[in-house]
Amino acid sequence: MATDITDIAHAVEAAAVIELLPARPRLLALGEPTHGEGVLLGLRNDLFRQLVEQEGYRTIAVESDCVRALVVDAYVTSGTGTLDEVMEHGFSHGWGAFPGNRELVRWMRAYNQDRPEPEQVRFAGFDGPLEITGAESPRRPLTALHDHLAAHVDADLLPCTAETLDRLLGPDEPWTDQKAMTDPSRSVGRSAEARELRLLADDLVALLDTQAPHLITATSRDDRDRARLYGRTATGLLRYHSWMADTSPARMTRLLATRDAMMAGNLLALADRGPVFVHAHNSHLQRDRSTMRMWDHPLLEWWSAGALVSARLGERYAFLATALGTLRHHGVDTPPPDTLEGLLHTLPEDRCVVDAPRLATALADKRPAPRVSPYFGYAPLDPAHLTRTDGVVYVRDVPRD
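- Within an unreviewed UniProt entry, the label attached to the protein reads Erythromycin esterase family protein, and the organism entered is Streptomyces pimonensis.

Here it is in structure tokens:
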């Protein structure tokens, strides 16, 4: 594939990234094709620091539990807790064990140390309290939302008492039963209690909305944002648990779509506060439909969080997909020359960002072959996605940490 693309490749720097974009985004998303690799997390950290120092960004949002992330944000803004505690309790999916995430949190705390609140950087998770093996109980966000409202509105306006919520929720174990992911009959998501909880959660969110004029004067912006986060998470979790109890062929598609819809809701809420740098897997941030093969299911397809957000924000959403050359410790060797990664591998730089629309134009008549990964944890970049991607960050080699 003899195509010269050196003139559309640039250093991975904040100024070069912003220059690629048709408009200054509210959400600038950087995807990754595999999780947990130190060089990719280091690249993310470097780019975020530049965006903060040169472009005025103040928030980073990562693919981690949005409720747990409040612990991280409290630490980086006010020093609440210790770094070890935050890394243990402030992340989901085991992300707190990765040195790149620890370095990010450490840098954010140091940056904020002597700065006034308006100039501080903030941390957010935008995933739900979900794992591929199941979901958490809605207890924490639902009771937190109830507590917020109970502290600030007349008791007669509340749709239920805290004791009623506790009774309907019952013990957490049935909600978190991992066997329910593959056996819908074990899910409590469509029990009589769960159905009543969905109605009460909806009423609590509606009360939060109808009391907005009062709450604006009675609470802080951060308190109100947290309450809305609890509302989105509680209703999303209850919806997710309901679909876990579904027995139709569309069950897994609906679960995946519900998760990304929760992600999209969190990202749109964050965008209201200013420009946000977002980091997650490419499949959650791309504008194209996401696909996955899981267990004995046929190919699953759903709209990602990036696609949903892009539909709302248009050019105020920007997406950079990361592609890589080698991941040899997982059996991923030099990419074949007829693939998109094979073409990018001819570039002299170890890391670069490429103008994706111009790259798509350059390859219009060449149709790169899709790369096939021998490692299930790495997803090559689909060449068909280039026209709906703003830039491609290419990393030549990903060494073992």
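**Side note on unusual backbone geometry**
Okay, so step 1: One non-glycine residue, His93, adopts positive backbone phi at about 60°.
Okay, so step 2: With phi around 45°, Arg367 is a residue other than glycine that occupies positive phi space.
Okay, so step 3: Mapped onto the secondary structure, Arg367 falls in the loop between helix 16 (356–362) and strand 12 (391–397).

**A short note on the nonpolar core**
Okay, so step 1: Ranked by size, the top nonpolar core spans 46 residues in total, and within it Leu28, Phe48, Val105, Met108, Phe123 and Phe277 carry the most contacts.
Okay, so step 2: With seven residues, helix 2 (residues 38–55) is the largest single contributor of residues to this core.
Okay, so step 3: Those residues in contact with Phe48 that sit more than four places away from it in its chain are Thr59, Ile60, Leu104, Trp107, Met108, Val121 and Phe277.
Okay, so step 4: Grouped together as the second largest cluster of nonpolar side chains are 39 residues, Phe126, Ala264, Val278 and Val392 included.

**Here's the deal with the side chain of Gln286**
Okay, so step 1: The topology assignment puts Gln286 in the loop between helix 13 (282–285) and strand 8 (289–292).
Okay, so step 2: Among the polar contacts made by the side chain of Gln286, one reaches the main-chain carbonyl oxygen of Arg289 at a distance of 3.0 Å.
Okay, so step 3: Leaving out residues up to four positions away in the same chain, Gln286 has contacts with Ser304, Gly306, Ala307, Phe319 and His385.

**Notes on the sheet that holds strand 10 (residues 317–326)**
Okay, so step 1: Pairing within the open sheet is mixed, and its eight strands lie in the order 1-11-12-10-2-7-3-4. Two strands bound the open sheet, and with one partner strand each, they are strand 1 (9–10) and strand 4 (122–127).
Okay, so step 2: Where strand 11 (residues 351–355) meets strand 12, five bridges bridge the pair, whose relative direction is antiparallel. Looking across to strand 12, one finds that Val354 is bridged to Val392.
Okay, so step 3: On the sheet, helix 12 (residues 251–271) packs against strand 2 (27–32), strand 3 (59–65), strand 4 and strand 7 (276–281) and is oriented at approximately 155° with respect to strand 4.

**Some words on the layout of surface pockets**
Okay, so step 1: A volume near 1400 Å³ is recorded for the largest pocket.
Okay, so step 2: In terms of lining, the largest pocket is formed by 40 residues, of which the most central are His281, Thr291, Met292, Phe376 and Ala379.
Okay, so step 3: Counting residues per element, the ones that place at least two in the lining of the largest pocket are helix 12, helix 13, strand 8 and strand 10.
Okay, so step 4: Looking at the lining of the largest pocket, the element that brings in the most residues is strand 8, giving four residues.
Okay, so step 5: Classifying every residue of the lining of the largest pocket gives 19 nonpolar, 14 polar and seven charged.
Okay, so step 6: For the second largest pocket, the calculated volume is near 720 Å³.
Okay, so step 7: Taken together, 31 residues line the second largest pocket, and the ones lying closest to its centre are Arg122, Asp222, Asp225, Leu270 and Arg273.
Okay, so step 8: Breaking the lining of the second largest pocket down by element, the ones donating at least two residues are helix 3 (69–78), strand 4, helix 11 (221–244) and helix 12.
Okay, so step 9: Looking at which element gives the most residues to the lining of the second largest pocket, the answer is helix 11, with seven residues.
Okay, so step 10: Tallied by class, the residues present in the lining of the second largest pocket amount to 12 nonpolar, seven polar and 12 charged.

What counts, and where the lines are drawn
Every chain is numbered on its own, with residues counted from 1 as its sequence reads. In keeping with the predicted nature of the model, local features appear solely for residues at pLDDT of at least 70, side-chain atom pairs appear and are counted solely at 80 or more, and the whole-chain, interface and lining totals rest on all residues. Side-chain calculation: all heavy atoms of the structure are included, whereas hydrogens and water are not. By the criteria applied, helices consist of DSSP H or I runs no shorter than four residues and strands consist of E runs no shorter than two, each listed in order from the N terminus. The term nonpolar core refers to a set of buried residues drawn from Ala, Val, Leu, Ile, Met, Phe, Trp, Tyr and Cys, joined through side-chain atoms within 4.5 Å. The classification of residues rests on relative accessible area computed with a 1.4 Å probe and restricted to protein chains. Under 20% of the type maximum is buried, over 50% is exposed, and intermediate values are partly exposed. Any two residues whose heavy atoms approach within 4.5 Å at even a single point are treated as in contact. Two N or O atoms count as a polar contact when they lie within 3.5 Å, although within protein this holds only if one can serve as hydrogen donor and the other as acceptor, and sequence-adjacent residues are included solely when both atoms are side-chain atoms. Each pair of strands is called paired provided DSSP finds at least two bridges between the two strands. To get an axis, a line is fitted to the C-alpha atoms, and for a helix only the part in contact is used. The angle between two axes follows their N-to-C directions and goes from 0 to 180 degrees. Lining residues are defined by having an atom within 4 Å of a point belonging to a cavity or pocket. Those points lie on a 1 Å grid over the protein atoms alone, cavities being sets where a 1.4 Å probe fits but cannot get out and pockets being open sets with protein on both sides within 12 Å along at least five of seven lines. Grid points are joined across faces, edges and corners, and a volume is the space filled by probe spheres set on the points. Classification used: nonpolar for Ala, Val, Leu, Ile, Met, Phe, Trp, Tyr, Cys and Pro, charged for Asp, Glu, Lys and Arg, polar for all others including Gly.

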